[in-house]
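Here are the chains, one letter per residue:
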Amino acid sequence: MGGKNSSRDSRISASPGAFSCSASPQAMSTAGILESLLQVEENFSSCLARIDSLILQPLLRAEPQDPKGKENFRLLALLNDRFQSLWNFTEENSRILRGKSGSGCIRDFHILWKGELFLSLYIQYFVTFANFVVVQGFEQAAKSEAWKLPKAALKEFLRDLPSEKSLGLALLSVLQEPFRDHVRSHLRLLARLRELLEEESERDVVATVEQEFGKLESFISQVLDEAALTKELWKSLGSKFTDVLCVPERRLLEDSRSLPVAAGAARSERLLLFDDVLVLIQGNSFQSFDLKLVWVDENCGEKSAPGSHSLRITTPEETFVLSAKDPRIKAVWRWKLEQAVRQALNGKRDFPLWGRSGEGSEAPARRFFSYVFRAEGRLRGATYEGEWLRGKPHGKGTLKWRDGRNHVGDFREGLEHGFGIRLVPRRSEDRYDCYKCHWYRGKMRGYGICEYGNDLVYKGYFEDDVRQGFGILENFSAQHPFKYTGHWEKDKKNGYGIWEDKERGERYIGMWLDDHRHGEGIVVTQSGLCYQRTFHADKMVGSGILLLEDDSVYEGNFTEDLTIIGKGKISLADGSVLEGTLSSCSGRDIQLGVKEFPVEKRWPGIFQQFLEFIRSGCKEEMEESFTGFHVQSSKELRRSQEYLFCQRGAEEISWRSEEWPEEPRGYLEKALGCSLHPLGKLLRALSAAFQAAYSGVGANRHLLAMAQDEVKFYAGKIWEFYRALPRRPPEEDPSIQQGSSLVLPLILPCFYPELSMLYMLQHQREDNLYCQGIAELSLFPDILLLEFLEVQKHLWPLKDLTLTSNQRRSLIKDKCFLSATECLQKLIATVDPGEKLEILRRTCAELERTACRALGRDYKLSMDDLLPLLIFVVARAKIQHLGAEIHLIRDLMDPSNQGGMLDFLLTALESCYEHIQKIRLHLKEKSHSC
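Keep in mind it's a predicted model, so treat the numbers as computed, not measured.

A. Summary view of the overall build of the protein. Within the protein, the secondary structure is distributed over 25 helices and 26 strands. By residue count, 51% of the 930 residues in the protein fall in the buried class. Within the protein, contacts between residues separated by at least 24 positions form 53% of all contacts whose residues are at least 6 apart in sequence. Counting every atom, the protein has about 44200 Å² of accessible surface; 50% of that belongs to carbon and sulfur.

Here it is as structure tokens:
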């Protein structure tokens, strides 16, 4: 901060730009202006040197000890830094100009190609100068005992200073007037230079710089006027206000005492508009509102005093009205408020402060800011950082409460609305509950994933902050792992649901009430036992049905550990009945749950959410809230939300904007396979529910009828929802009478693993007999097997076989009807019943073609010819679980195929299957007779 002598030298690296030079008479006149500019710079530099040595350095020799004096001294030191930068810049310009003496080239004028730096240094200096004025720094400096400068020293700079002028005012004048005179001198020289130049391009350059210097002069005047007005305000207010409100950088822009306006009836005595806050004073108290969160609007629809003209002021926690009796006063206040808010949001003032650049422009309605709520209510003490709209959190933001709660997500009109993540601390535990959910007007609503601090995870629907509708609750703790998939009502398990006790290896499928098993229910054990009982508040009541592994059926009373008590009836697998007659059927014929749990009443929560989505017009903001079961983790859910509500990558295109097939089957096939399409999401939700009931422990053959009903019902509901979609292809195909038949093969892959397992368990005994028969037949060579099956010899495809002289026909194996065998083996490569029937048709066609080659002519196989040939092919294809495959095809095939050719071929395949089961017995009888 020490002084500098005038012999300082420094170099510059800026380029003077592209200006033309001339040797014309104009150049001589330009050289004269250049000489004048040099004289101005040298005189100004000399003036700055005297100010530095006689005024600034004495003021900076001693630092006050009191806090207020220290703050003023800091501002003075900063002002000195700005002063030194300007002085250094001026001396550097003087040195450059001295080197250009006698030149007439316009590019030698540093005020043209160094204009931006010149303006920047002057703006910094006068802003700092004004800050010192506001805190009455010159008055305090004049009282400094460390500075004993007599008034005579100041008269060197201000010869017209009246004798009665205070020393503080003299200091203020000394540190501003030379600088203002310097700017004016440059303006005069620029005007002379512009008038002198003949080339239009050169005049334009000079005119532009002259305009900027004119703005600087206006800026200096405005800065000093605002500083003087603000200083007078602080002097008039009591210390209670100034201690809190007085900040060096703060400027008073308007005062209701100068421009009368009232803030509501008896609301405030005075209204002060600063460049960063709006202050309402009433008595000895005041309220301040950060301008970044102030919105100004016409007072629409609100009552005002007769003859008044009002504005509505909106802040995060309060809305009030400013009333003026004169429309011109209202217009001025609105304009100043709008500009002050806009400049506060931009983080800088206009240049000049109230120049044309700011006129007419309004502050943006949407903003980003941090705020701590103070008023009573649910947000008291909470900090919100994010987007705002007209005084309310609106958009993306983060809300933090003092008790540790934290919410990150979307807001609308001040409330959580849309996707959000909330952390809630658990009392006396160093753990959190994490809610990744959809919110509606401040409460959880729609789909969410909640990870509780006690190792529980819930994936499902919410309403009014509680679990409501369909949901999955899973406990991952090592002590008592479980999983519940079902319906909830007011945060409790209610309605149809499935409970899997992983520790005991049991599954309950049935009705619930208030978190207890209540009503009809089915229990499946890991050992394969299955029983159906009525429950009341988690306890079994009345008699029930117990199905044993040996297909015996017991009807009566038994305990949860399956101990039979009291009287009952037992139907054995061989058909005999003990103690009365239960029924004429065995345990293999009983299918539980079909009557007790009608399929249309099992999962209404899933379908209800989808129905609401369709009724809403398939709004994009509801795409994720109606169902989110297509994602497997909360991390994937978060990415899904970022896709929906933030930037959308090129690889992630909404189902609305994609090109979809124009016919129903193609559209459905693509939609059901797309994780972003609503129908695809619905299918995955249904798949999760289906797996909960029928996979793992639930894979019990007595539940097959329930599973069949569900899959068929799903197909019908999906077709129903497809037809309700607003954007779908027209149904031009008149053959589509039953849409569920179109949907069923498309959704079957999602349910096939569980469904296939149930079919295999249901037909396990028949398939075992079938496999034994296949094993016996596989020992036969081809010719012996054809003889055994009594296939007519003229149909044997021996001409297709290439035999060597050493080969004998009895040794040939797996050569005959090879193409038909390979075709039938494809039966297990698809899950579509229609495609399986088509494979069967092609197999029979291949058999017929092979027979035609053997005969050398066209030939139609009769049923008597086809059946033994088909048995031969089935024996060589060795398809496992063929009985399960046949029954699955028959139960789920398109009804239009019933009674037709494909139905006939399926009946033929079924006959072959039954025949092979009996072959083993036939072979044994034959061996005994031999």
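B. Geometry of the sheet that holds strand E7 (residues 309–314). Taken in spatial order, the four strands line up as E2-E8-E7-E6 in an open sheet, and their pairing is antiparallel. The open sheet has two free edges, formed respectively by strand E2 (262–263) and strand E6 (295–298), since each of these has just one partner strand. Each of E6, E7 and strand E8 (319–324) is contacted by helix H11 (residues 327–346), which is oriented at about 20° to E7, the strand it contacts most.

C. Inspection of the sheet that holds strand E1 (residues 252–255) at higher detail. The sheet built from four strands is open, its strands ordered E1-E3-E4-E5 with antiparallel pairing. Both outer strands of the open sheet, E1 and strand E5 (285–290), are each paired with one neighbouring strand and no more. Direction aside, the axes of adjacent strands within the sheet are offset by 20° on average. One ladder, built from six bridges, connects strand E4 (residues 277–282) with E5; its direction is antiparallel.

D. Inspection of the packing of aromatic side chains at higher detail. Counting across every chain of the model gives 49 aromatic pairs. Taking the centre distance of 4.4 Å and the plane angle of 15° together, the rings of Phe482 and Trp499 count as stacked. One end of the pair, Phe482, is in strand E18 (residues 482–489); the other, Trp499, is in strand E19 (residues 492–501), and 17 residues separate them in sequence. When its relative accessible area of 22% is taken as the criterion, Trp499 is described as partly exposed. Ring plane angle 40° and centroid distance 5.2 Å describe the contact between Tyr770 and Tyr913, whose orientation is recorded as tilted. Remark: Tyr913 occurs in helix H25 (residues 901–929) and Tyr770 occurs in helix H19 (residues 764–777); sequence separation between them is 143 residues. The same class applies to Tyr770 and to Tyr913, which are both buried. A cation sits over an aromatic face here: Arg250 above Phe274, 5.9 Å from the ring centre. Across from the ring centre of Phe607, 5.5 Å away, lies the NZ or CZ of Lys717, which sits over that ring.

E. Layout of the packing of helix H16 (residues 678–694) against helix H17 (residues 704–724). Orientation of H16 relative to H17, taken along the N-to-C sense of each, is 170°, at an axis distance of 11 Å. When the axis of H16 is compared with that of H17, the two are roughly antiparallel. In this structure, H16 meets H17 at a crossing whose hand is right-handed. Where H16 abuts H17, its residues Leu679, Leu682, Leu683, Leu686, Phe690 and Tyr694 lie against Met706, Ala707, Glu710, Val711, Tyr714, Ile718, Phe721 and Tyr722. Looking at the contact of H16 with H17 residue by residue, the classes come out as 13 nonpolar, no polar and one charged.

F. Seen up close, a negative patch on the surface. Where like charges cluster on the molecular surface, the negative patch consists of Glu463, Asp464, Asp465 and Glu612. Looking at where Asp465 falls in the secondary structure, it is placed in the loop between strand E16 (456–463) and strand E17 (466–475). Owing to a relative accessible area of 35%, Asp465 belongs among the partly exposed residues under this scheme.

G. Structural context of the pattern of salt bridges. For the structure shown, the criterion picks out 42 salt bridges. For Arg342, the salt bridge goes to Asp350, with nearest N and O atoms at 2.8 Å. For Arg342, a relative accessible area of 10% corresponds to the buried category. With a shortest N-O distance of 3.0 Å, Asp903 and Arg890 are connected by a salt bridge. A residue pair is termed long-range when its members are at least 10 positions apart, and Asp903 in helix H25 and Arg890 in helix H24 (residues 882–892) qualify at 13 residues. What makes Arg890 partly exposed here is its relative accessible area of 26%. Three or more residues joined by partner-sharing salt bridges are found here, namely Asp181, Arg184 and Glu217.

H. How the structure looks around the environment of Glu202. Along the chain, Glu202 falls in helix H9 (residues 200–236). Under the relative-accessibility criterion, Glu202 is labelled buried at 6%. Along the sequence, Glu202 and Arg107 sit 95 residues apart, while their C-alpha atoms lie 9.8 Å from each other.

I. Representation of the nonpolar core. If you look at the biggest cluster of nonpolar residues, it comprises 72 residues, and the most contacted ones within it are Phe109, Tyr122, Tyr125, Phe129, Phe138 and Phe179. Top element by residues in this core is helix H1 (residues 25–59). It accounts for 12 residues. Judged by nonpolar contacts, the second largest core, of 68 residues, contains Phe470, Ile472, Phe597 and Ala692.

J. Local environment of the side chain of Arg533. With respect to the helices and strands, Arg533 occurs in strand E22 (residues 530–536). At 8.2 Å, Glu520 is the nearest oppositely charged side chain to Arg533, a buried residue that forms no salt bridge. With near-sequence residues (within four places) excluded, Arg533 lies in contact with Gly519, Glu520, Gly521, Met540, Val541, Gly542, Ser543, Gly544, Asn557 and Phe558.

K. How the structure looks around a nonpolar patch on the surface. Together, Met863, Met901 and Phe904 make up an exposed nonpolar region whose accessible area comes to about 290 Å². In this structure, Phe904 sits in helix H25. A relative accessible area of 37% places Phe904 in the partly exposed class.

L. Summary view of unusual backbone geometry. In this structure, the amide linkage connecting Phe351 to the following residue, Pro352, adopts the cis form with an omega of -5°. Within the secondary structure layout, Pro352 lies in the loop between H11 and strand E9 (366–372). For Asp515, which is not glycine, the phi dihedral falls at a positive 75°. Relative to the helices and strands, Asp515 resides in the loop between strand E20 (506–513) and strand E21 (516–525).

M. Summary view of the packing of helix H18 (residues 739–762) against H24. Across the interface, H18 lies against H24 with an axial gap of 11 Å and an inter-helix angle of 140°. Relative to H24, H18 is oriented oblique. Here H18 and H24 pass one another in a crossing that is right-handed. Residue-level inspection shows Leu744, Leu748, Tyr752, Leu755, Ser756, Tyr759 and Met760 of H18 in contact with H24, the latter providing Ala884, Glu885, His887, Leu888, Asp891 and Leu892. Along the lines of polarity and charge, the residues of the contact of H18 with H24 split into nine nonpolar, two polar and two charged.

N. View of the confidence of the model for the protein. Here the protein averages 82 in pLDDT, and 81% of its residues register 70 or above. Here residues 580–584 is modelled with pLDDT under 50, and outside its nearest four sequence neighbours on either side it reaches nine contacts, counting other chains as well. Here residues 640–653 is modelled with pLDDT under 50, and outside its nearest four sequence neighbours on either side it reaches 26 contacts, counting other chains as well.

O. A look at helix H4 (residues 115–134). Taking 1.5 Å of rise per residue, 20 residues should cover 28 Å, and H4 covers 29 Å from first to last C-alpha, within 8% of that figure. In terms of burial, H4 is largely enclosed, as 14 of its 20 residues are buried. Among the residues trailing H4, Gln136 stands out with phi positive, at a value near 60°.

The rules behind the values
- Residues numbered from 1 in each chain as written.
- Predicted model: local features only at pLDDT ≥ 70, side-chain atom pairs only at ≥ 80, totals over all residues.
- Heavy atoms only, no water.
- Helix = DSSP H or I, 4+ residues; strand = E, 2+ residues; numbered from the N terminus.
- Buried < 20%, exposed > 50% of the residue type's maximum accessible area, 1.4 Å probe, protein only.
- Contact = heavy atoms within 4.5 Å.
- Areas by Shrake-Rupley, 256 points an atom, 1.4 Å probe, with all protein chains shown as cover.
- Pairing = 2+ DSSP bridges.
- Axes fitted to C-alpha atoms, helices over the stretch in contact; angles between N-to-C directions.
- Phe/Tyr/Trp six-rings, centres within 6.5 Å; stacked < 30°, edge-to-face > 60°.
- Lys NZ or Arg CZ within 6 Å of the ring centre and 35° of its normal.
- Parallel < 35°, antiparallel > 145°, perpendicular 65-115°, else oblique.
- Left-handed = near helix turned anticlockwise from the far one by under 90°.
- Nonpolar A, V, L, I, M, F, W, Y, C, P; charged D, E, K, R; others polar.
- Patch = residues over 30% accessible without salt bridge, like charges linked within 9 Å, V, L, I, M, F, W, Y side chains within 5 Å.
- Salt bridge = Lys/Arg side-chain N within 4 Å of Asp/Glu carboxyl O.
- Lys, Arg positive; Asp, Glu negative; His and termini not counted.
- Charge placed at Lys NZ, Arg CZ, Asp CG, Glu CD.
- Core = buried A, V, L, I, M, F, W, Y, C linked by side-chain atoms within 4.5 Å.
- pLDDT = per-residue confidence, 0-100.
- Expected span 1.5 Å × (residues − 1).

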